[in-house]
Amino acid sequence: MLIGEVVGSVVATQKDPQLESHKLLVVQVRSHENQPRDQYVIAVDSVGAGPGDLVLYATGSSARQTNITKDKPCDAVVMAIVDSWDVSGKNVYEKWSGA
Amino acid sequence: MLIGEVVGSVVATQKDPQLESHKLLVVQVRSHENQPRDQYVIAVDSVGAGPGDLVLYATGSSARQTNITKDKPCDAVVMAIVDSWDVSGKNVYEKWSGA
Amino acid sequence: MLIGEVVGSVVATQKDPQLESHKLLVVQVRSHENQPRDQYVIAVDSVGAGPGDLVLYATGSSARQTNITKDKPCDAVVMAIVDSWDVSGKNVYEKWSGA
Amino acid sequence: MLIGEVVGSVVATQKDPQLESHKLLVVQVRSHENQPRDQYVIAVDSVGAGPGDLVLYATGSSARQTNITKDKPCDAVVMAIVDSWDVSGKNVYEKWSGA
Amino acid sequence: MLIGEVVGSVVATQKDPQLESHKLLVVQVRSHENQPRDQYVIAVDSVGAGPGDLVLYATGSSARQTNITKDKPCDAVVMAIVDSWDVSGKNVYEKWSGA
(Lines give C-alpha, C1' and ligand atoms only; values in the text may rest on other atoms or scores of the structure.)
Protein backbone atom coordinates (compact mmCIF):
# COMPACT_ATOMS: atom_id res chain seq x y z
CA MET A 1 0.00 0.00 0.00
CA LEU A 2 0.97 3.62 -0.37
CA ILE A 3 -0.28 6.74 1.37
CA GLY A 4 -2.05 9.40 -0.67
CA GLU A 5 -4.30 12.40 -0.30
CA VAL A 6 -7.80 12.44 -1.76
CA VAL A 7 -7.61 15.54 -3.96
CA GLY A 8 -10.67 15.09 -6.16
CA SER A 9 -13.02 12.73 -7.95
CA VAL A 10 -13.87 11.56 -11.45
CA VAL A 11 -17.27 11.50 -13.15
CA ALA A 12 -17.73 8.80 -15.78
CA THR A 13 -21.22 7.95 -17.01
CA GLN A 14 -20.14 5.51 -19.70
CA LYS A 15 -18.34 2.73 -17.89
CA ASP A 16 -18.25 -0.96 -17.18
CA PRO A 17 -21.64 -1.81 -15.60
CA GLN A 18 -19.90 -3.42 -12.61
CA LEU A 19 -18.58 -0.02 -11.60
CA GLU A 20 -21.97 1.72 -11.47
CA SER A 21 -22.48 3.85 -8.36
CA HIS A 22 -18.91 3.57 -7.16
CA LYS A 23 -17.07 6.70 -6.12
CA LEU A 24 -13.86 7.18 -8.13
CA LEU A 25 -11.32 9.18 -6.16
CA VAL A 26 -8.29 11.07 -7.44
CA VAL A 27 -5.53 10.18 -4.96
CA GLN A 28 -2.21 12.02 -5.05
CA VAL A 29 0.63 9.98 -3.61
CA ARG A 30 2.53 11.17 -0.51
CA SER A 31 6.06 10.17 0.43
CA HIS A 32 6.62 8.45 3.76
CA GLU A 33 7.71 11.88 5.01
CA ASN A 34 4.29 13.22 3.92
CA GLN A 35 5.53 15.18 0.92
CA PRO A 36 3.22 15.27 -2.14
CA ARG A 37 4.58 13.35 -5.12
CA ASP A 38 4.00 13.84 -8.81
CA GLN A 39 2.15 10.53 -8.94
CA TYR A 40 -1.52 9.69 -8.65
CA VAL A 41 -4.04 6.94 -8.97
CA ILE A 42 -7.78 6.79 -9.56
CA ALA A 43 -9.12 4.48 -6.85
CA VAL A 44 -12.54 3.14 -5.90
CA ASP A 45 -13.54 4.23 -2.41
CA SER A 46 -14.45 1.45 0.05
CA VAL A 47 -14.31 3.35 3.33
CA GLY A 48 -16.13 6.65 2.86
CA ALA A 49 -13.06 8.79 2.28
CA GLY A 50 -13.47 12.44 1.28
CA PRO A 51 -11.48 15.41 0.01
CA GLY A 52 -8.39 16.15 2.09
CA ASP A 53 -8.30 12.74 3.77
CA LEU A 54 -4.98 10.91 3.80
CA VAL A 55 -5.68 7.32 2.88
CA LEU A 56 -4.09 3.97 2.18
CA TYR A 57 -4.75 2.41 -1.19
CA ALA A 58 -4.02 -1.09 -2.45
CA THR A 59 -3.39 -1.92 -6.09
CA GLY A 60 -3.51 -4.90 -8.43
CA SER A 61 -5.57 -7.99 -7.64
CA SER A 62 -5.50 -6.96 -3.97
CA ALA A 63 -7.74 -4.05 -4.94
CA ARG A 64 -10.50 -6.59 -5.67
CA GLN A 65 -10.54 -8.09 -2.18
CA THR A 66 -13.07 -5.69 -0.65
CA ASN A 67 -16.80 -6.39 -0.69
CA ILE A 68 -17.53 -3.63 -3.15
CA THR A 69 -14.70 -4.29 -5.62
CA LYS A 70 -14.86 -8.11 -5.81
CA ASP A 71 -14.54 -9.41 -9.41
CA LYS A 72 -14.65 -5.89 -10.84
CA PRO A 73 -12.30 -4.25 -13.36
CA CYS A 74 -10.76 -2.10 -10.65
CA ASP A 75 -7.02 -2.06 -9.96
CA ALA A 76 -6.89 0.41 -7.05
CA VAL A 77 -9.00 0.74 -3.91
CA VAL A 78 -8.92 3.06 -0.92
CA MET A 79 -9.13 0.59 1.98
CA ALA A 80 -8.23 2.76 4.98
CA ILE A 81 -8.31 6.36 6.20
CA VAL A 82 -5.09 7.29 7.94
CA ASP A 83 -5.33 8.75 11.47
CA SER A 84 -1.60 9.21 11.98
CA TRP A 85 1.79 7.76 11.24
CA ASP A 86 5.29 8.08 12.57
CA VAL A 87 8.73 7.71 11.06
CA SER A 88 11.90 7.26 13.13
CA GLY A 89 9.96 7.88 16.31
CA LYS A 90 8.54 11.21 15.18
CA ASN A 91 4.92 11.90 14.36
CA VAL A 92 4.66 12.76 10.66
CA TYR A 93 0.91 13.24 10.43
CA GLU A 94 -1.93 13.54 12.90
CA LYS A 95 -5.44 13.81 11.49
CA TRP A 96 -6.94 15.37 14.59
CA SER A 97 -4.07 17.64 15.49
CA GLY A 98 -6.39 20.65 15.45
CA ALA A 99 -9.15 19.05 17.53
CA MET B 1 -6.61 3.20 -12.67
CA LEU B 2 -5.02 6.06 -14.52
CA ILE B 3 -6.46 8.66 -16.87
CA GLY B 4 -5.31 8.72 -20.47
CA GLU B 5 -6.25 10.08 -23.86
CA VAL B 6 -7.11 7.76 -26.74
CA VAL B 7 -4.60 8.94 -29.35
CA GLY B 8 -4.70 6.07 -31.83
CA SER B 9 -5.14 2.38 -32.47
CA VAL B 10 -3.09 -0.66 -33.39
CA VAL B 11 -3.72 -3.13 -36.22
CA ALA B 12 -2.45 -6.67 -35.60
CA THR B 13 -3.66 -9.50 -37.81
CA GLN B 14 -1.43 -12.19 -36.34
CA LYS B 15 -2.42 -12.44 -32.71
CA ASP B 16 -3.69 -14.70 -29.97
CA PRO B 17 -7.06 -16.04 -31.22
CA GLN B 18 -8.77 -14.87 -28.03
CA LEU B 19 -8.11 -11.28 -29.03
CA GLU B 20 -9.77 -11.48 -32.45
CA SER B 21 -12.09 -8.56 -33.20
CA HIS B 22 -11.05 -6.52 -30.19
CA LYS B 23 -10.17 -2.87 -30.67
CA LEU B 24 -6.63 -2.11 -29.46
CA LEU B 25 -6.32 1.52 -28.40
CA VAL B 26 -3.18 3.59 -27.99
CA VAL B 27 -3.73 5.48 -24.72
CA GLN B 28 -1.37 8.28 -23.70
CA VAL B 29 -1.31 8.83 -19.96
CA ARG B 30 -2.43 12.16 -18.46
CA SER B 31 -1.35 13.54 -15.09
CA HIS B 32 -4.04 14.28 -12.51
CA GLU B 33 -3.67 17.90 -13.62
CA ASN B 34 -4.50 16.77 -17.18
CA GLN B 35 -1.01 17.17 -18.59
CA PRO B 36 0.12 14.60 -21.19
CA ARG B 37 2.86 12.28 -19.96
CA ASP B 38 5.55 10.46 -21.87
CA GLN B 39 3.89 7.16 -20.99
CA TYR B 40 1.39 5.02 -22.85
CA VAL B 41 -0.39 1.73 -22.86
CA ILE B 42 -2.09 -0.39 -25.51
CA ALA B 43 -5.49 -1.26 -24.02
CA VAL B 44 -8.49 -3.28 -25.17
CA ASP B 45 -11.60 -1.13 -25.46
CA SER B 46 -14.64 -2.27 -23.48
CA VAL B 47 -16.78 0.87 -23.56
CA GLY B 48 -16.76 2.17 -27.13
CA ALA B 49 -14.09 4.83 -26.64
CA GLY B 50 -12.76 6.76 -29.63
CA PRO B 51 -9.99 9.16 -30.62
CA GLY B 52 -9.73 12.17 -28.34
CA ASP B 53 -11.71 10.61 -25.50
CA LEU B 54 -10.21 10.82 -22.04
CA VAL B 55 -10.64 7.41 -20.44
CA LEU B 56 -9.86 5.34 -17.37
CA TYR B 57 -7.89 2.17 -17.87
CA ALA B 58 -7.21 -0.69 -15.49
CA THR B 59 -4.14 -2.90 -15.67
CA GLY B 60 -2.98 -6.33 -14.55
CA SER B 61 -5.43 -9.08 -13.67
CA SER B 62 -8.08 -6.40 -13.11
CA ALA B 63 -8.00 -5.82 -16.87
CA ARG B 64 -9.54 -9.29 -17.31
CA GLN B 65 -12.65 -8.57 -15.24
CA THR B 66 -14.79 -7.19 -18.05
CA ASN B 67 -17.06 -9.41 -20.14
CA ILE B 68 -14.95 -9.02 -23.25
CA THR B 69 -11.51 -9.50 -21.66
CA LYS B 70 -12.26 -12.43 -19.33
CA ASP B 71 -9.48 -15.09 -19.41
CA LYS B 72 -7.68 -13.34 -22.27
CA PRO B 73 -3.99 -12.40 -22.55
CA CYS B 74 -4.80 -8.74 -22.04
CA ASP B 75 -3.20 -6.65 -19.29
CA ALA B 76 -4.91 -3.30 -19.89
CA VAL B 77 -8.53 -2.38 -20.54
CA VAL B 78 -10.37 0.89 -21.04
CA MET B 79 -13.31 0.51 -18.66
CA ALA B 80 -14.72 4.06 -18.50
CA ILE B 81 -14.97 7.25 -20.54
CA VAL B 82 -14.31 10.30 -18.38
CA ASP B 83 -16.94 13.07 -18.38
CA SER B 84 -15.11 15.36 -15.98
CA TRP B 85 -12.88 15.47 -12.95
CA ASP B 86 -11.86 17.98 -10.35
CA VAL B 87 -8.76 18.48 -8.24
CA SER B 88 -8.68 20.66 -5.12
CA GLY B 89 -12.18 21.90 -5.83
CA LYS B 90 -11.41 23.08 -9.36
CA ASN B 91 -12.68 21.51 -12.54
CA VAL B 92 -9.72 20.10 -14.46
CA TYR B 93 -11.58 18.61 -17.41
CA GLU B 94 -15.11 18.83 -18.75
CA LYS B 95 -15.97 16.70 -21.78
CA TRP B 96 -18.95 18.74 -22.84
CA SER B 97 -17.53 22.16 -22.07
CA GLY B 98 -18.18 23.24 -25.63
CA ALA B 99 -21.74 21.92 -25.78
CA MET C 1 0.28 -4.08 -23.34
CA LEU C 2 3.27 -2.24 -24.72
CA ILE C 3 4.84 -2.23 -28.16
CA GLY C 4 8.37 -3.55 -28.58
CA GLU C 5 10.79 -4.76 -31.20
CA VAL C 6 12.09 -8.31 -31.18
CA VAL C 7 15.84 -7.68 -31.08
CA GLY C 8 17.16 -11.10 -30.08
CA SER C 9 16.64 -14.30 -28.15
CA VAL C 10 17.91 -16.06 -25.04
CA VAL C 11 19.26 -19.60 -24.75
CA ALA C 12 18.77 -21.27 -21.36
CA THR C 13 19.23 -25.02 -21.03
CA GLN C 14 18.78 -25.19 -17.28
CA LYS C 15 15.29 -23.92 -16.63
CA ASP C 16 11.92 -24.72 -15.12
CA PRO C 17 10.70 -27.86 -16.95
CA GLN C 18 7.42 -26.12 -17.87
CA LEU C 19 9.36 -23.74 -20.09
CA GLU C 20 11.05 -26.44 -22.18
CA SER C 21 10.94 -25.75 -25.92
CA HIS C 22 9.58 -22.23 -25.59
CA LYS C 23 11.23 -19.44 -27.53
CA LEU C 24 12.46 -16.65 -25.24
CA LEU C 25 12.54 -13.34 -27.06
CA VAL C 26 14.46 -10.20 -26.16
CA VAL C 27 11.96 -7.39 -26.74
CA GLN C 28 13.09 -3.76 -26.63
CA VAL C 29 10.28 -1.38 -25.76
CA ARG C 30 9.15 1.30 -28.22
CA SER C 31 7.39 4.54 -27.32
CA HIS C 32 3.96 5.19 -28.81
CA GLU C 33 5.81 7.41 -31.31
CA ASN C 34 7.92 4.36 -32.25
CA GLN C 35 11.13 5.50 -30.60
CA PRO C 36 13.29 2.80 -28.97
CA ARG C 37 13.40 2.99 -25.18
CA ASP C 38 16.08 1.91 -22.75
CA GLN C 39 13.73 -0.77 -21.43
CA TYR C 40 13.31 -4.43 -22.35
CA VAL C 41 11.61 -7.62 -21.39
CA ILE C 42 12.29 -11.30 -22.00
CA ALA C 43 8.99 -12.71 -23.28
CA VAL C 44 7.75 -16.12 -24.36
CA ASP C 45 6.64 -16.13 -27.98
CA SER C 46 3.08 -17.29 -28.67
CA VAL C 47 2.60 -16.03 -32.22
CA GLY C 48 5.69 -16.93 -34.22
CA ALA C 49 7.39 -13.53 -33.97
CA GLY C 50 10.94 -13.10 -35.30
CA PRO C 51 13.81 -10.62 -35.31
CA GLY C 52 12.79 -7.13 -36.37
CA ASP C 53 9.07 -7.68 -35.79
CA LEU C 54 7.23 -5.06 -33.79
CA VAL C 55 5.01 -6.87 -31.33
CA LEU C 56 2.60 -6.44 -28.47
CA TYR C 57 3.45 -8.11 -25.21
CA ALA C 58 1.35 -8.62 -22.09
CA THR C 59 2.80 -8.93 -18.59
CA GLY C 60 1.86 -10.32 -15.20
CA SER C 61 -0.82 -12.95 -14.78
CA SER C 62 -2.22 -11.92 -18.16
CA ALA C 63 0.91 -13.42 -19.70
CA ARG C 64 -0.33 -16.85 -18.60
CA GLN C 65 -3.61 -16.67 -20.54
CA THR C 66 -2.33 -18.11 -23.81
CA ASN C 67 -2.43 -21.82 -24.57
CA ILE C 68 1.32 -22.19 -24.38
CA THR C 69 1.93 -20.17 -21.20
CA LYS C 70 -0.94 -21.41 -19.04
CA ASP C 71 0.15 -22.13 -15.42
CA LYS C 72 3.81 -21.54 -16.25
CA PRO C 73 6.35 -19.32 -14.45
CA CYS C 74 6.24 -16.77 -17.24
CA ASP C 75 5.42 -13.11 -16.65
CA ALA C 76 5.62 -11.77 -20.21
CA VAL C 77 4.25 -13.07 -23.50
CA VAL C 78 4.28 -11.81 -27.06
CA MET C 79 0.62 -12.16 -28.06
CA ALA C 80 0.44 -10.14 -31.29
CA ILE C 81 2.57 -9.02 -34.22
CA VAL C 82 1.88 -5.39 -35.09
CA ASP C 83 0.95 -4.56 -38.69
CA SER C 84 0.59 -0.83 -38.18
CA TRP C 85 -0.49 1.84 -35.78
CA ASP C 86 -1.46 5.46 -35.88
CA VAL C 87 -1.24 8.34 -33.43
CA SER C 88 -3.22 11.57 -33.81
CA GLY C 89 -4.40 10.50 -37.24
CA LYS C 90 -0.92 9.88 -38.62
CA ASN C 91 0.54 6.51 -39.47
CA VAL C 92 3.47 5.83 -37.14
CA TYR C 93 4.42 2.38 -38.38
CA GLU C 94 3.51 0.23 -41.35
CA LYS C 95 4.96 -3.27 -41.50
CA TRP C 96 4.52 -3.70 -45.22
CA SER C 97 5.46 -0.20 -46.25
CA GLY C 98 8.21 -1.57 -48.47
CA ALA C 99 6.08 -4.27 -50.12
CA MET D 1 10.99 -9.26 -2.82
CA LEU D 2 12.95 -6.19 -1.83
CA ILE D 3 14.83 -5.34 1.34
CA GLY D 4 13.63 -2.45 3.47
CA GLU D 5 13.96 -0.98 6.93
CA VAL D 6 10.98 -0.73 9.25
CA VAL D 7 10.98 3.00 9.99
CA GLY D 8 7.52 3.49 11.47
CA SER D 9 3.89 2.47 11.54
CA VAL D 10 0.47 3.74 10.48
CA VAL D 11 -2.67 4.09 12.59
CA ALA D 12 -5.96 3.79 10.71
CA THR D 13 -9.18 3.25 12.64
CA GLN D 14 -11.51 3.46 9.67
CA LYS D 15 -10.48 0.64 7.38
CA ASP D 16 -11.63 -2.48 5.60
CA PRO D 17 -12.88 -4.83 8.35
CA GLN D 18 -10.57 -7.62 7.09
CA LEU D 19 -7.58 -5.53 8.14
CA GLU D 20 -8.66 -5.07 11.77
CA SER D 21 -5.87 -5.67 14.29
CA HIS D 22 -3.10 -5.92 11.69
CA LYS D 23 0.07 -3.95 12.18
CA LEU D 24 0.75 -1.60 9.27
CA LEU D 25 4.47 -0.93 8.92
CA VAL D 26 6.20 1.91 7.09
CA VAL D 27 9.06 0.22 5.25
CA GLN D 28 11.74 2.30 3.54
CA VAL D 29 13.43 0.47 0.69
CA ARG D 30 17.16 -0.31 0.81
CA SER D 31 19.38 -0.90 -2.20
CA HIS D 32 21.19 -4.24 -2.48
CA GLU D 33 24.23 -2.33 -1.16
CA ASN D 34 22.15 -1.37 1.90
CA GLN D 35 21.68 2.28 0.99
CA PRO D 36 18.32 3.87 1.87
CA ARG D 37 16.18 4.74 -1.16
CA ASP D 38 13.57 7.40 -1.62
CA GLN D 39 10.92 4.71 -1.92
CA TYR D 40 8.62 3.13 0.64
CA VAL D 41 5.71 0.81 1.09
CA ILE D 42 3.09 0.32 3.78
CA ALA D 43 3.12 -3.41 4.51
CA VAL D 44 1.20 -5.73 6.82
CA ASP D 45 3.51 -7.45 9.30
CA SER D 46 3.39 -11.26 9.36
CA VAL D 47 6.58 -12.03 11.30
CA GLY D 48 6.71 -9.69 14.30
CA ALA D 49 9.05 -7.12 12.80
CA GLY D 50 9.78 -3.93 14.70
CA PRO D 51 11.41 -0.51 14.25
CA GLY D 52 14.93 -0.71 12.86
CA ASP D 53 14.59 -4.25 11.57
CA LEU D 54 15.69 -4.90 8.00
CA VAL D 55 13.02 -7.04 6.40
CA LEU D 56 11.93 -8.68 3.17
CA TYR D 57 8.55 -7.72 1.78
CA ALA D 58 6.52 -9.27 -1.01
CA THR D 59 4.02 -7.36 -3.11
CA GLY D 60 1.01 -7.99 -5.30
CA SER D 61 -1.04 -11.18 -5.03
CA SER D 62 1.97 -12.83 -3.38
CA ALA D 63 1.35 -10.57 -0.40
CA ARG D 64 -1.88 -12.49 0.23
CA GLN D 65 -0.20 -15.89 0.61
CA THR D 66 0.48 -15.68 4.35
CA ASN D 67 -2.02 -16.95 6.92
CA ILE D 68 -2.87 -13.49 8.14
CA THR D 69 -3.23 -11.75 4.76
CA LYS D 70 -5.17 -14.41 2.85
CA ASP D 71 -8.03 -12.93 0.77
CA LYS D 72 -7.48 -9.46 2.23
CA PRO D 73 -7.11 -6.12 0.41
CA CYS D 74 -3.41 -6.02 1.18
CA ASP D 75 -0.76 -5.67 -1.55
CA ALA D 76 2.42 -5.76 0.57
CA VAL D 77 3.50 -8.03 3.41
CA VAL D 78 6.65 -8.30 5.51
CA MET D 79 7.38 -12.04 5.33
CA ALA D 80 10.94 -12.26 6.71
CA ILE D 81 13.34 -10.47 9.04
CA VAL D 82 16.81 -10.27 7.54
CA ASP D 83 19.73 -11.58 9.61
CA SER D 84 22.42 -10.81 7.06
CA TRP D 85 23.22 -10.65 3.40
CA ASP D 86 26.27 -10.57 1.21
CA VAL D 87 27.06 -9.12 -2.20
CA SER D 88 30.06 -10.15 -4.29
CA GLY D 89 31.40 -12.19 -1.41
CA LYS D 90 31.33 -9.34 1.10
CA ASN D 91 29.01 -9.06 4.06
CA VAL D 92 26.73 -6.06 3.52
CA TYR D 93 24.64 -6.35 6.68
CA GLU D 94 24.82 -8.36 9.87
CA LYS D 95 21.99 -7.97 12.35
CA TRP D 96 23.94 -9.20 15.32
CA SER D 97 27.24 -7.55 14.51
CA GLY D 98 27.26 -5.83 17.89
CA ALA D 99 26.37 -8.93 19.93
CA MET E 1 11.18 -11.78 -17.27
CA LEU E 2 14.36 -9.81 -16.88
CA ILE E 3 17.99 -10.88 -16.92
CA GLY E 4 20.06 -10.46 -13.79
CA GLU E 5 23.28 -11.60 -12.18
CA VAL E 6 23.27 -13.57 -8.95
CA VAL E 7 25.47 -11.36 -6.77
CA GLY E 8 24.71 -12.71 -3.31
CA SER E 9 22.22 -14.26 -0.93
CA VAL E 10 20.12 -13.34 2.09
CA VAL E 11 19.92 -15.14 5.44
CA ALA E 12 16.61 -14.81 7.27
CA THR E 13 15.83 -17.15 10.17
CA GLN E 14 12.56 -15.52 11.17
CA LYS E 15 10.30 -15.85 8.16
CA ASP E 16 7.02 -17.17 6.87
CA PRO E 17 7.10 -20.95 7.52
CA GLN E 18 6.31 -21.65 3.85
CA LEU E 19 9.69 -20.21 2.90
CA GLU E 20 11.75 -22.48 5.15
CA SER E 21 14.79 -24.00 3.43
CA HIS E 22 14.48 -21.86 0.29
CA LYS E 23 17.55 -20.12 -1.05
CA LEU E 24 17.02 -16.35 -1.30
CA LEU E 25 19.22 -14.87 -4.00
CA VAL E 26 20.27 -11.25 -4.47
CA VAL E 27 19.87 -10.65 -8.22
CA GLN E 28 21.19 -7.45 -9.80
CA VAL E 29 19.38 -6.56 -13.00
CA ARG E 30 21.25 -6.41 -16.33
CA SER E 31 20.20 -4.39 -19.35
CA HIS E 32 19.55 -6.25 -22.61
CA GLU E 33 23.05 -5.10 -23.60
CA ASN E 34 24.38 -6.84 -20.47
CA GLN E 35 25.14 -3.70 -18.49
CA PRO E 36 24.53 -3.83 -14.72
CA ARG E 37 21.64 -1.67 -13.55
CA ASP E 38 21.03 0.02 -10.23
CA GLN E 39 18.07 -2.29 -9.65
CA TYR E 40 17.79 -5.61 -7.83
CA VAL E 41 15.38 -8.18 -6.59
CA ILE E 42 15.49 -10.87 -3.91
CA ALA E 43 14.32 -14.05 -5.64
CA VAL E 44 13.74 -17.64 -4.59
CA ASP E 45 15.97 -20.02 -6.51
CA SER E 46 14.21 -22.85 -8.39
CA VAL E 47 17.02 -24.01 -10.70
CA GLY E 48 20.21 -24.28 -8.62
CA ALA E 49 21.69 -20.93 -9.62
CA GLY E 50 24.87 -19.71 -7.93
CA PRO E 51 27.04 -16.61 -7.58
CA GLY E 52 28.02 -15.10 -10.91
CA ASP E 53 25.31 -16.87 -12.90
CA LEU E 54 23.23 -14.78 -15.24
CA VAL E 55 19.63 -15.81 -14.77
CA LEU E 56 16.06 -15.10 -15.79
CA TYR E 57 13.62 -14.22 -13.06
CA ALA E 58 9.84 -13.92 -13.14
CA THR E 59 7.85 -11.68 -10.83
CA GLY E 60 4.32 -11.33 -9.48
CA SER E 61 1.89 -14.25 -9.45
CA SER E 62 4.00 -15.90 -12.16
CA ALA E 63 6.70 -16.35 -9.53
CA ARG E 64 4.41 -18.83 -7.77
CA GLN E 65 4.08 -21.19 -10.75
CA THR E 66 7.12 -23.35 -9.98
CA ASN E 67 6.87 -26.49 -7.85
CA ILE E 68 8.79 -24.97 -4.99
CA THR E 69 7.05 -21.57 -4.87
CA LYS E 70 3.42 -22.65 -5.32
CA ASP E 71 1.04 -20.79 -2.96
CA LYS E 72 3.92 -19.13 -1.12
CA PRO E 73 4.42 -15.44 -0.25
CA CYS E 74 7.11 -15.10 -2.90
CA ASP E 75 6.93 -12.50 -5.68
CA ALA E 76 10.15 -13.29 -7.57
CA VAL E 77 11.68 -16.58 -8.70
CA VAL E 78 14.79 -17.49 -10.65
CA MET E 79 13.40 -19.92 -13.24
CA ALA E 80 16.29 -20.22 -15.73
CA ILE E 81 20.06 -19.98 -15.95
CA VAL E 82 21.11 -18.10 -19.07
CA ASP E 83 23.61 -19.81 -21.42
CA SER E 84 23.77 -17.01 -23.95
CA TRP E 85 21.80 -14.31 -25.67
CA ASP E 86 22.09 -12.17 -28.74
CA VAL E 87 20.88 -8.71 -29.70
CA SER E 88 20.72 -7.48 -33.30
CA GLY E 89 22.53 -10.58 -34.50
CA LYS E 90 25.49 -10.16 -32.15
CA ASN E 91 26.30 -12.37 -29.21
CA VAL E 92 25.99 -10.33 -26.02
CA TYR E 93 26.80 -13.04 -23.51
CA GLU E 94 28.18 -16.57 -23.67
CA LYS E 95 28.40 -18.52 -20.43
CA TRP E 96 30.99 -20.99 -21.67
CA SER E 97 33.07 -18.57 -23.69
CA GLY E 98 36.16 -19.55 -21.73
CA ALA E 99 35.62 -23.31 -21.97
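Look a little higher up for the structure.
It should be emphasised that the depicted structure is a prediction, and the values quoted were computed from it without experimental measurement. (Residues numbered from 1 in each chain as written. Chains lettered and ligands numbered in written order. Predicted model: local features only at pLDDT ≥ 70, side-chain atom pairs only at ≥ 80, totals over all residues. Heavy atoms only, no water.)

Enquirer: An account of the pattern of salt bridges is requested, with residue identities and associated values reported.
Expert: Residue and element names in this part refer to chain C. Inspection of the entire model under this criterion finds 20 salt bridges over all chains. For the salt bridge of K95 with D53, the shortest nitrogen-to-oxygen distance reads 3.5 Å. You can see K95 sitting in the segment after β8 (90–94) and its partner D53 sitting in the loop between β4 (36–45) and β5 (54–59), a full 42 residues away along the chain. On the basis of relative accessibility, which here comes to 14%, the residue D53 falls in the buried class. (Salt bridge = Lys/Arg side-chain N within 4 Å of Asp/Glu carboxyl O. Helix = DSSP H or I, 4+ residues; strand = E, 2+ residues; numbered from the N terminus. Buried < 20%, exposed > 50% of the residue type's maximum accessible area, 1.4 Å probe, protein only.)

Enquirer: Explain the interface of chain C and chain E to me, and be specific about the residues and the numbers.
Expert: Counting residues at the interface gives 30 residues for chain C, matched by 27 residues for chain E. Where chain C abuts chain E, roughly 2300 Å² becomes buried across the two surfaces, and 50% of that area is made up of carbon and sulfur atoms. It is C:Q14, C:Y40 and C:D75 that lose the most area in chain C upon contact with chain E, and together they represent 29% of the buried surface on that side. Applying the counting rule to chain C against chain E returns one salt bridge. Inspection of the region where chain C meets chain E yields 18 residue pairs in polar contact (both at pLDDT 80 or more). Mapped onto the side of chain C that touches chain E, the elements with two or more residues apiece are β1 (2–11), β2 (14–15), β3 (24–30) and β4 of chain C. Sort the elements by how many residues they give to the side of chain C that touches chain E and β4(C) lands first, with six residues. Considering only residue class, the side of chain C that touches chain E consists of 14 nonpolar, nine polar and seven charged. Pairing of β2(C) with strand β6 (residues 76–81) of chain E involves two bridges; the strand directions are antiparallel. Within β6(E), the position partnered with C:Q14 by the bridge is E:I81. (Contact = heavy atoms within 4.5 Å. Buried area = accessible area lost by both parts, 1.4 Å probe. Polar contact = N/O pair within 3.5 Å; in protein donor to acceptor, adjacent residues only side chain to side chain. Nonpolar A, V, L, I, M, F, W, Y, C, P; charged D, E, K, R; others polar. Pairing = 2+ DSSP bridges.)

Enquirer: I'd like to hear about the interface of chain A and chain D, residue by residue, with values.
Expert: In this assembly, 27 residues from chain A lie in contact with 30 residues from chain D. In total, about 2300 Å² of surface goes out of reach between chain A and chain D, with carbon and sulfur atoms giving 50% of it. Three residues stand out in chain A for area buried against chain D, namely A:M1, A:H32 and A:Q65, and they jointly supply 31% of the buried area on that side. Along the contact surface separating chain A from chain D lie one salt bridge. For D:D38, the salt bridge is made with A:R37, and the minimal N-O distance between the two is 3.1 Å. Of all the secondary-structure elements, those providing two or more residues to the side of chain A that touches chain D are β1 (2–11), β5 (54–59), β6 (76–81) and β7 (84–87) of chain A. Considered class by class, the residues forming the side of chain A that touches chain D number 13 nonpolar, ten polar and four charged. In this sheet, strand β1 (residues 2–11) of chain D lies alongside β7(A) in antiparallel orientation, the contact comprising four bridges. Residue A:W85 lies in a different strand from β1(D), and its bridge partner there is D:V10.

Enquirer: Which residues make up the side chain of B:R37, and what values do they have?
Expert: Tracing the backbone through its elements, the reader meets B:R37 in strand β4 (residues 36–45). Looking at B:R37, its side chain comes within polar contact range of the side chain of A:D38, at 3.1 Å.

Enquirer: Can you explain the packing of aromatic side chains? Please cite residues and give values.
Expert: Residue and element names in this part refer to chain B. By the definition in use, this model includes five aromatic pairs over all chains. Seen in terms of ring centroids, W85 and Y93 are 5.6 Å apart; in terms of plane orientation they differ by 35°. Their pairing is tilted. According to the relative accessible area criterion, W85 is buried, its value standing at 1%. Exposure remark for Y93: the relative accessible area of 15% places this residue in the buried category. (Phe/Tyr/Trp six-rings, centres within 6.5 Å; stacked < 30°, edge-to-face > 60°.)

In short, geometric facts, not functional conclusions.
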